[in-house]
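Each chain, written out:
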Amino acid sequence: MTVTTTKASENIESYISLISHEPPEDLKVEKKNAQPKDGKYKFLFWEFETPVIWGNVILITIFHIIAVYALFEHFIVIRTPGIILYCLILGGICGFGITAGAHRYWTHRSYKAKLPLRVILLICYSCAGQNSIVQWVRDHRVHHKFSETDADPHNSNRGFFFSHVGWLMTKKHPEVLSKGKTIDCSDLLEDPLVAFHERHFMLFKILCCFIVPTIIPPFLYGETWYTSIMGVCFVRYVVSLNSTWAVNSFAHFYGNKPYDKRIRPVENTGVSLFAMGEGYHNYHHTFPWDYRAAELGMALNITTLWLDFFGKIGWAYDLKVGSDELKESMIMNHGDGTYHKKIEDTKSE
Ligand SMILES: [Zn+2]
Ligand SMILES: [Zn+2]
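Reading the values: the criteria
- Residues numbered from 1 in each chain as written.
- Chains lettered and ligands numbered in written order.
- Predicted model: local features only at pLDDT ≥ 70, side-chain atom pairs only at ≥ 80, totals over all residues.
- Heavy atoms only, no water.
- Disulfide = S-S within 2.5 Å.
- Buried < 20%, exposed > 50% of the residue type's maximum accessible area, 1.4 Å probe, protein only.
- Axes fitted to C-alpha atoms, helices over the stretch in contact; angles between N-to-C directions.
- Helix = DSSP H or I, 4+ residues; strand = E, 2+ residues; numbered from the N terminus.
- Parallel < 35°, antiparallel > 145°, perpendicular 65-115°, else oblique.
- Left-handed = near helix turned anticlockwise from the far one by under 90°.
- Contact = heavy atoms within 4.5 Å.
- Nonpolar A, V, L, I, M, F, W, Y, C, P; charged D, E, K, R; others polar.
- Donors = N, O, S within 2.8 Å, 3.2 Å for Na, K, Ca; no water.
- Tetrahedral: all angles 85-135°; square planar, octahedral: opposite > 155°, others 65-115°.

Student: What should I look at first to understand the state of the cysteines in this one?
Tutor: As used here, a disulfide is simply a covalent bond connecting the sulfur atoms of two cysteines. By the definition in use, this model includes zero disulfides. With no disulfide partner, Cys124 has as its closest neighbouring cysteine sulfur the one in Cys127, 6.1 Å distant. Residue classification places Cys124 among the buried positions, given a relative accessible area of 10%. Its sulfur unpaired, Cys233 is 7.3 Å from the next cysteine sulfur, which belongs to Cys209. Classification of Cys233 as buried rests on a relative accessible area of 11%.

Here it is in structure tokens:
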């Protein structure tokens with residue numbers, strides 16, 4: 001046996017030189033998540049701060065193209081009232097799952113819910129076909145805590161398109177990931193219903209968002225399969241997604257700030273129309289624990305009307321509301337001065 005002896009100092013030196021230098025150029029080394037030299041990812045004339053997820057870009061684009069085609073063919077040109085009414089009801093069910101469930105209940109805990117209501121929220125949420133509850137809640141809690149910073153998943157400082165849908169087409173900013181880990185979501189999985197949903201998330205999504213709602217119209221009133229698929233899987237799904245996304249984009253760009261002018265979220269009635277009352281976003285970011293997610297415009301706040309109904313029958317309780325004193329104090333000290341004008345407009349409506 002030959003034993004090669006080398007001085008210890010030589011060994012350490014050669015080892016350090018090996019580990020403290022970049023590998024030679026000719027050595028093939030794969031770099032995961034490599035950063036471009038100028039800090040931007042480019043595609044044609046567009047620049048991105050994080051890598052593009054092309055699978056999502058293609059999928060989202062295809063869904064939108066088919067939805068627009070189907071909208072004109074079936075909802076505007078041919079006009080099939082049955083599927084229009086059905087999709088409006090289904091859209092309302094999805095909206096309730098997102099606004100009353102994922103947003104006001106699971107994310108903000110703005111009220112408490114008994115088992116029957118929690119089951120309803122879970123099914124309605126599944127019909128909307130969005131991310132898992134834990135993903136949704138983590139994204140939204142980070143959005144509130146680190147609003148308009150790199151840690152905000154749909155940071156509106158990165159532009160309207162990014163805050164609307166672009167954030168789903170690129171990898172998350174490293175700050176979103178690191179700050180996201182500091183957000184406590186342990187309360188979610190303490191609910192066995194949410195834990196069960198999390199384990200079978202994809203099954204719930206496929207069944208509740210696509211298969212079951214598509215099967216119903218042909219059996220219920222003899223709708224054609226083609227119209228049902230186009231209406232339910234494309235038009236309703238895409239409109240429902242855009243209604244949610246509009247809160248992150250339109251309601252962070254266009255509107256007034258009666259409660260706190262120091263923040264970017266605004267009051268936007270148009271968004272409330274599509275998002276069942278969630279467009280009054282300046283109020284919501286100022287008082288995120290208020291179960292109404294708004295103070296004014298209750299006629300459009302369909303979710304609050306439903307929660308009030310569930311409150312009356314005892315399935316929803318401990319519904320939190322901002323006190324008048326607190327609200328007045330914010331309006332006087334931090335509002336943009338549009339509050340009282342808004343009250344007059346609301347009264348005259
Ligand atoms: Zn927001
Ligand atoms: Zn919120």
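Moving on, there is more to tell.
Student: Mind showing me how you'd approach the packing of helix α10 (residues 201–221) against helix α11 (residues 225–248) here?
Tutor: When two helices pack together, you describe them by how their axes are tilted relative to each other and by the distance separating the axes. Their axes nearest at 8 Å, the elements α10 and α11 cross at an angle of 140°. Considered as vectors, α10 and α11 are oriented oblique to each other. The crossing of α10 and α11 is right-handed. Seen from α10, the contacting residues are Lys205, Cys209, Phe210, Pro213, Thr214, Ile215, Pro217, Pro218 and Phe219; seen from α11, they are Trp225, Ser228, Ile229, Val232, Cys233, Arg236 and Tyr237. Its residues placed into classes, the contact of α10 with α11 shows twelve nonpolar, two polar and two charged.

Student: How do you make sense of unusual backbone geometry when you look at a structure like this?
Tutor: With the exception of glycine, most residues fall at negative phi, and the peptide bonds are largely trans. Not every positive phi belongs to a glycine, and Ala293 is a case in point at roughly 55°. On the secondary structure map, Ala293 appears in the loop between α13 (281–286) and α14 (302–312). On the accessibility criterion, Ala293 (2% relative accessible area) is buried. The residue Asp318 is not glycine, and still its phi comes out positive at about 50°. Here Asp318 is to be found in the loop between β4 (316–317) and α15 (324–334). What makes Asp318 partly exposed here is its relative accessible area of 46%.

Student: I would appreciate a short explanation of the coordination of the zinc ion (ligand 1) in the present structure.
Tutor: Ideal values for angles at a metal depend on the geometry: 109.5 degrees with four tetrahedral donors, 90 or 180 degrees with six octahedral donors. Protein-derived coordination of the zinc ion (ligand 1) comes from His143 (NE2), His252 (NE2), His281 (NE2) and His285 (NE2), at a distance range of 2.1 to 2.2 Å. With four donor atoms in place around the zinc ion (ligand 1) and angles of 93 to 155° between them, the coordination shape is irregular. Look at where the donors of the zinc ion (ligand 1) fall in the sequence and you get H-x108-H-x28-H-x3-H. Of the two residues, His281 and His285 are both situated in helix α13; the distance of four residues between them amounts to about one turn of the helix.

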